[in-house]
2 protein chains.
Amino acid sequence: MYRTNTCGELRLADAGKKVTLAGWVQKARKLGGMTFIDLRDRYGITQLVTEDDPGVGREWVIQITGEVVERQSKNPKMPTGDIEVKIEKVNVLNKAQTPPFTIEENSDGGEDLRAKYRYLDLRRAPLQRALALRHRLAQEIRTYLDQQGFMEIETPYLIKSTPEGARDFVVPSRMNPGTFYALPQSPQTFKQLLMVAGYDRYFQIVRCFRDEDLRADRQPEFTQIDCEMSFVEQEDVLNTFEGMMRQMFKNALGVEIANPIPRMSWYDAMDKYGSDKPDIRFGMEIHEVSELVKGCGFSVFDGSEYIGAIAATGCAEYTRKQIDELTEWVKRPQVGAKGLVYIKYNSDGSVKSSVDKFYTPEQVKAVAEAAGAKEGDLVLIMCGPKRKTQTQLGVLRIEMGNRLGYRDPSVFAPLWIVDFPLLEWSEEDQRFYAMHHPFTAPKPEHEQWFYSDRKEDLERVCANAYDFVLNGTELGGGSIRIHEAQMQSRMFDVLGISKEDAEYKFGFIINAFKFGAPPHGGLAFGFDRVCALFGGQETIRDYIAFPKNNQGRDVMIDSPSKIDQVQMDELFLASTVKE
Amino acid sequence: MYRTNTCGELRLADAGKKVTLAGWVQKARKLGGMTFIDLRDRYGITQLVTEDDPGVGREWVIQITGEVVERQSKNPKMPTGDIEVKIEKVNVLNKAQTPPFTIEENSDGGEDLRAKYRYLDLRRAPLQRALALRHRLAQEIRTYLDQQGFMEIETPYLIKSTPEGARDFVVPSRMNPGTFYALPQSPQTFKQLLMVAGYDRYFQIVRCFRDEDLRADRQPEFTQIDCEMSFVEQEDVLNTFEGMMRQMFKNALGVEIANPIPRMSWYDAMDKYGSDKPDIRFGMEIHEVSELVKGCGFSVFDGSEYIGAIAATGCAEYTRKQIDELTEWVKRPQVGAKGLVYIKYNSDGSVKSSVDKFYTPEQVKAVAEAAGAKEGDLVLIMCGPKRKTQTQLGVLRIEMGNRLGYRDPSVFAPLWIVDFPLLEWSEEDQRFYAMHHPFTAPKPEHEQWFYSDRKEDLERVCANAYDFVLNGTELGGGSIRIHEAQMQSRMFDVLGISKEDAEYKFGFIINAFKFGAPPHGGLAFGFDRVCALFGGQETIRDYIAFPKNNQGRDVMIDSPSKIDQVQMDELFLASTVKE
């Protein structure tokens, strides 16, 4: 061992001890004939002092021996701030080139440069904290699930291309020319097979792969906490994973979350928050005001299916310019609203709106109050098709929440969304899609609709499906699954998946269900995002040791890259890229 | 929840309780007007009894309610054998087709059939025990390493094709046409970068991939316990992982292994056991007898570089036929020996050998005693080039160990092999290969030879490399790494890897080493094999939930398979397979 102690552990009680430390030179400075060196490792920073300048540079790796002494001027911000080590001997273990950016809490390096030198960026304290939190959370998850009788079972990565959902990454097989494995988008079918196989409670912290065009903060490979249980109903699943989340918050962050975690139906979430992943750290709920504003001669409202409003606390003083800016903001394609009607509910009790000529002040006031506004608030109104308008109001609500500072990352407001519709009709494709996935069961009480051929019936079938939402982000979701072969066939019918296609792609699972599948259900959490949100961040990149950029590239190792012709030939592949 | 209790937990103390159980029908039989059903789940089997035959078949999934009653004829072999449950209500949750083979401790199904219906094979108790052991071991590993300050850090699966070692599986990139990711053969470079990044102690239980022609008991994807530590010497690494193994044996099996675990140099292992992974559960060591047998006119010995012998305990009574059979056995291509000379050291003290005409009885006896034989033993002698002959004797030794019942799978004899040669000369390629891998450091005291240009010098360089061996199987290995850019360049030179090639393939890690790499080292264990050996088995397939067959196929999901032309086009790929 190159050291007797780490750079994070020496205290005043150690004064007088002779120690050996090893680590990186954070900085070295001269002061009054002395040289002070901050020596850094994963565990902390310790100040070294010597009369002879050892001539070491930033990020050199050194080993020193010396005596722990009490500091003259203590640093209460550092855990080791009461002491320093008087160097007796320095051993340079490795010199270092000057890093291309500063290794500090906040670096001066740009994103691309830091990505290229990820191994240097990873030395910075925020990333070390992020990965330490990730490790801690993974341990907590495993400990909890192990205690609950779950078995971690590894499922294969070289599997079979399946439809539904995103594109698969594929892996050409050299031993089976002309054929390909696929990398799993999730272990969904395998975990269901494990239930058929009687494993009762399964989990895995597992990598998943999706070959999607990458939007911001998506990764082609990501990690999932994947779980499945047999002989359970929805209530059992929710309770089990509520317990897991509670333990994670408590043990990793020292935070007590709501008990029980509130539950909200998908319909309520859409109506009140315009989102299936509402941020309930703040109110500002959406209220439908259609009844109050229709039939008064304002043709925009009169011709709308739905009119809804939110009340932005204390914003009655917004200037014309601010409101215009907000109107432009909702008209951007990302939101896609046609316009924005406002009501200022002034602190003197008077009202002022952009549609004053169609309504009496009493009518306007009634709308403001229906929107939940009090004196001093600004009411923002949008109209159009119901779900679309609610969604736009939901986006505006989040924006106002940000502007008003309601979205404190150190406050944690978890929520279960339940009672999802089973199916989603696509006008474009004129077919149903599974809202969760094609293995989700309809609620038993809705089964008669599920076997109906009428579109309206199918649309109102709900699933025993659930999402776990935290601070406006969906962290996970799952469902009670179909466990009968006949119901699974019906599902494929409803989704327009032909018998042949179903047989080709899911034959093994349809078949497996014929040999005694237990009732089962489960869920999966996006672990990268869990880590980021627990860390109070919105982006996942700092919580992944070696992430890829928005083009799916790892710029540090310069991948993907070309492979040589020999390898192409062995795989029986030719490139069709025109050079 | 569909049950109040599992099928494994009811005891006599529960008699009188009303319970609900759910599970699979193991078997149902009628006896004296009663129907007895064995109900099975992951936790055990409970006997149910009813006067009304519920008409359920093998592997049906049922839920029953009833009263726990004391059994008339108890079954002491079953943990629940003191009780049975008197059925009051049966609820068939799912019918089942009759499975194609029996779901018993030993199935009547052939290997291929069981592979196709893996989800049914996985219901059998031996596989349930295997996967439960695997889960337990994984938990023990994580708990131990967490306590030792290791962080589990996930490294990417979509990386870059690298040379050395086996063929990579590759993944075409749709977003970067004409380029490929590679799946990792191990996270070797990433774990070293994590050391450069200051993470100090890293581990991961991680999938690795090798596109090799599959020998028996190899899998294209396999799981590794991957570990790395900074500021350590070989002694620290060995102590840390010796502790891990000790805890795994104790907590998962209740077994206390040798403390400390013995260590043996690679040279001693080859000389004494003819193997770099000796099974030390038994002796029967190899002894060189060249000095004793050369120069007596037996030309086969006289012309051999090396003559070695083992003594098979109590085999002096072997018949001529048995010895002939053994001679044929060593002549098979798998062993490749030219022949076998024997000495019977009879229980009356006399000797009889196949080369009696060249030696006096005293000479023969001296050879037998040099081989460690006592009266009643059979001495087996082989000759030829030294290492080759030792290896053949090693294979024969293992065979004799099997025949003599010396290889009890419930006895655990771990061993560290140390002091490996750094390099291995290939006569065929006329170049050196790295014995471990190109990142392994030479022993500091051998550095002058490492920088020499003489082949003899390079051949005697030892590495601070080590293997963990259990019962004749290598379970893991590792080394102290090179941490200086200059030494790494020298290594590439010695291995004949050009500067351009090294730069293209390892540029990022060579570069990383310039920014302050700490001294570091680590190791990796093959987790599948660890599980199998802990379970007392030689083959890993039962310890992997969904393994592939010897053609790399998953016959259950029928993968790999063809993908459609659209997907090929999107990936800019064409197949060159002739239909």
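One can find the structure itself at the top, above this paragraph.
Basis of the calculations
Residues take numbers from 1 onward in each chain, read along the sequence in its written order. To read the labels, note that chains go from A and ligands from 1, taken in the order they are written. A pLDDT threshold of at least 70 governs which residues receive local features in this predicted model, and a stricter bar of 80 or more applies before side-chain atom pairs are shown or counted, although totals over entire chains, interfaces and linings include all residues. With hydrogens and water excluded, all non-hydrogen atoms of the structure serve as input to the side-chain values. Strands here are runs of E lasting at least two residues and helices are runs of H or I lasting at least four, both read from the DSSP assignment and numbered beginning at the N terminus. Residue exposure (1.4 Å probe, protein chains only): buried if accessible area is under 20% of the type maximum, exposed if over 50%, otherwise partly exposed. For this analysis, residues touch if any pair of their heavy atoms sits within 4.5 Å. Where accessible areas are quoted, they stem from the Shrake-Rupley method and a 1.4 Å probe; at the residue level, only the protein chains shown are allowed to cover. Just so you know, the count uses Lys and Arg for positive and Asp and Glu for negative, and it drops His and the chain ends. To locate a charge, take atom NZ for lysine, CZ for arginine, CG for aspartate or CD for glutamate. Two rings from Phe, Tyr or Trp (for Trp, the six-membered ring) form a pair when their centres are within 6.5 Å of each other. A pair whose planes differ by under 30 degrees is stacked, one over 60 is edge-to-face, and the rest are tilted. Consider the ring centre and the ring normal. A charge sits over the ring if Lys NZ or Arg CZ is within 6 Å of that centre and within 35 degrees of that normal. Joining two parts hides part of their accessible area as seen by a 1.4 Å probe, and the buried area is that hidden amount summed over both. The salt bridge criterion pairs a side-chain nitrogen of Lys or Arg with a carboxyl oxygen of Asp or Glu, the two atoms within 4 Å. Two N or O atoms form a polar contact when they lie within 3.5 Å of each other; inside protein one atom must be a possible hydrogen donor and the other a possible acceptor, and for residues adjacent in sequence the pair counts only when both atoms belong to side chains. Residues are grouped as follows: nonpolar covers Ala, Val, Leu, Ile, Met, Phe, Trp, Tyr, Cys and Pro; charged covers Asp, Glu, Lys and Arg; every other residue, Gly included, is treated as polar. Should DSSP find at least two bridges between two strands, the strands are taken to pair. For helices, the fitted line uses only the C-alpha atoms of the stretch in contact; every axis is such a line through C-alpha atoms, and the angle between N-to-C directions lies from 0 to 180 degrees. The fit set for superposing copies consists of C-alpha atoms from residues with pLDDT of at least 70 in both; the fit itself is least squares.

With that out of the way, let us pick up the overall build of chain A. Across its full length, chain A carries 17 helices and 23 strands. Taking the principal axes of the C-alpha coordinates as reference, chain A spans close to 85 × 75 × 55 Å. Relative to its 579 residues, chain A shows a buried fraction of 59%. In chain A, 66% of the contacts between residues at least 6 apart in sequence involve partners at least 24 apart. For chain A, the exposed area adds up to about 23,400 Å²; of that, 48% sits on carbon and sulfur atoms. Averaged over its 73 positive side-chain charges, chain A has a centre that lies 4 Å from the centre of its 86 negative ones.

In this section: the packing of aromatic side chains. Using the criterion set out here, one finds 49 aromatic pairs over all chains in the structure. On the numbers, 6.2 Å between centres and 55° between planes, the contact of F241 of chain A with F525 of chain A is tilted. Note that F241 of chain A is positioned in helix α5 (residues 234-253) and F525 of chain A in strand β22 (residues 520-526), a separation of 284 residues in sequence. An identical accessibility class is assigned to F241 of chain A and F525 of chain A; each is buried. Ring plane angle 75° and centroid distance 5.8 Å describe the contact between F468 of chain A and F525 of chain A, whose orientation is recorded as edge-to-face. Taken together, the residues F468 of chain A in strand β20 (residues 465-470) and F525 of chain A in strand β22 connect sequence positions 57 residues apart. Its relative accessible area of 1% is what places F525 of chain A among the buried residues. Ring pairing ties together the aromatic residues F150, F241, W416, Y466, F468 and F525 of chain A, which thus form one cluster. Just above the ring of F450 of chain B sits the side chain of R490 of chain B; from NZ or CZ to the centre is 5.7 Å.

What follows is about the interface of chain B and chain A. Many analyses report the size of an interface as the accessible area lost when the parts associate. Counting residues at the interface gives 129 residues for chain B, matched by 129 residues for chain A. Taken over both partners, the interface formed by chain B and chain A buries close to 11,400 Å², and the fraction arising from carbon and sulfur atoms is 56%. Linking chain B with chain A are 16 salt bridges, by the criterion used here. For E154 of chain B, the salt bridge is made with R207 of chain A, and the minimal N-O distance between the two is 3.3 Å. Counting every contact that joins chain B to chain A gives 77 residue pairs in polar contact (both at pLDDT 80 or more). Looking at the side of chain B that touches chain A, the element that brings in the most residues is helix α3 (residues 125-147) of chain B, giving eleven residues. Looking at side-chain class alone, the side of chain B that touches chain A contains 67 nonpolar, 30 polar and 32 charged residues. Relative to strand β23 (residues 573-575) of chain B, strand β23 (residues 573-575) of chain A runs antiparallel, the two sharing three bridges. Bridge pairing links L573 of chain A to S575 of chain B in β23 of chain B.

Time to look at the packing of helix α6 (residues 266-273) of chain B against helix α11 (residues 386-403) of chain B. All names here are of chain B. The interhelical angle for the contact between α6 and α11, taken along N-to-C directions, is 65°, at an axis separation of 7 Å. Residue-level contacts link W266, Y267, M270, D271 and Y273 of α6 to K386, R387, Q390, T391, G394 and R397 of α11. Partitioning the contact of α6 with α11 into residue classes produces four nonpolar, three polar and four charged.

This part is about the relation of the copies chain B and chain A. Between chain B and chain A, the superposition needs a rotation of 180° and an axial shift of 0.0 Å, giving an RMSD of 0.1 Å. Here the copies are linked by what is in effect a two-fold axis. Most of the interface of chain B is mirrored in chain A, where 100% of its interface residues are also at the interface.

All right, on to the pattern of salt bridges then. Opposite charge on two side chains allows them to pair when their charged atoms are near. In the structure shown here, the tally under the stated rule is 94 salt bridges over all chains. Among the salt bridges present, the one from R207 of chain B reaches E221 of chain B, with a minimum N-O distance of 2.8 Å. You can see R207 of chain B sitting in strand β9 (residues 201-209) and its partner E221 of chain B sitting in strand β10 (residues 221-230), a full 14 residues away along the chain. The two residues R207 of chain B and E221 of chain B agree in class, both being buried. The structure contains a network of salt bridges with shared partners spanning R134, R207, E221, D528 and K548 of chain A together with E154 of chain B.

Moving on to the pairing of strand β22 (residues 520-526) of chain B. Residue and element names in this part refer to chain B. The element β22 is largely enclosed, with a buried count of six among its seven residues. The pairing of β10 with β22 spans seven bridges and is classified as antiparallel. Bridge assignment links S230 to a residue of β22, and that residue is H520. In terms of strand pairing, strand β21 (residues 473-480) meets β22 through five bridges, oriented antiparallel. Its bridge partner lying in β22, G476 is registered against F525.

Now for the sheet that holds β20 of chain A. All names here are of chain A. With mixed pairing, the eight strands of this open sheet are ordered in space as β6-β9-β10-β22-β21-β20-β17-β11. The sheet is open, and its two edges are formed by β6 (151-152) and β11 (263-265), each paired on a single side. Contacting β9 (201-209), β10 (221-230) and β22, helix α4 (residues 188-196) runs over the sheet at an angle of about 20° to β10. Packing against the sheet, α5 makes contact with β10, β11, β17 (414-418), β20, β21 (473-480) and β22, and its axis sits at approximately 30° to β22.

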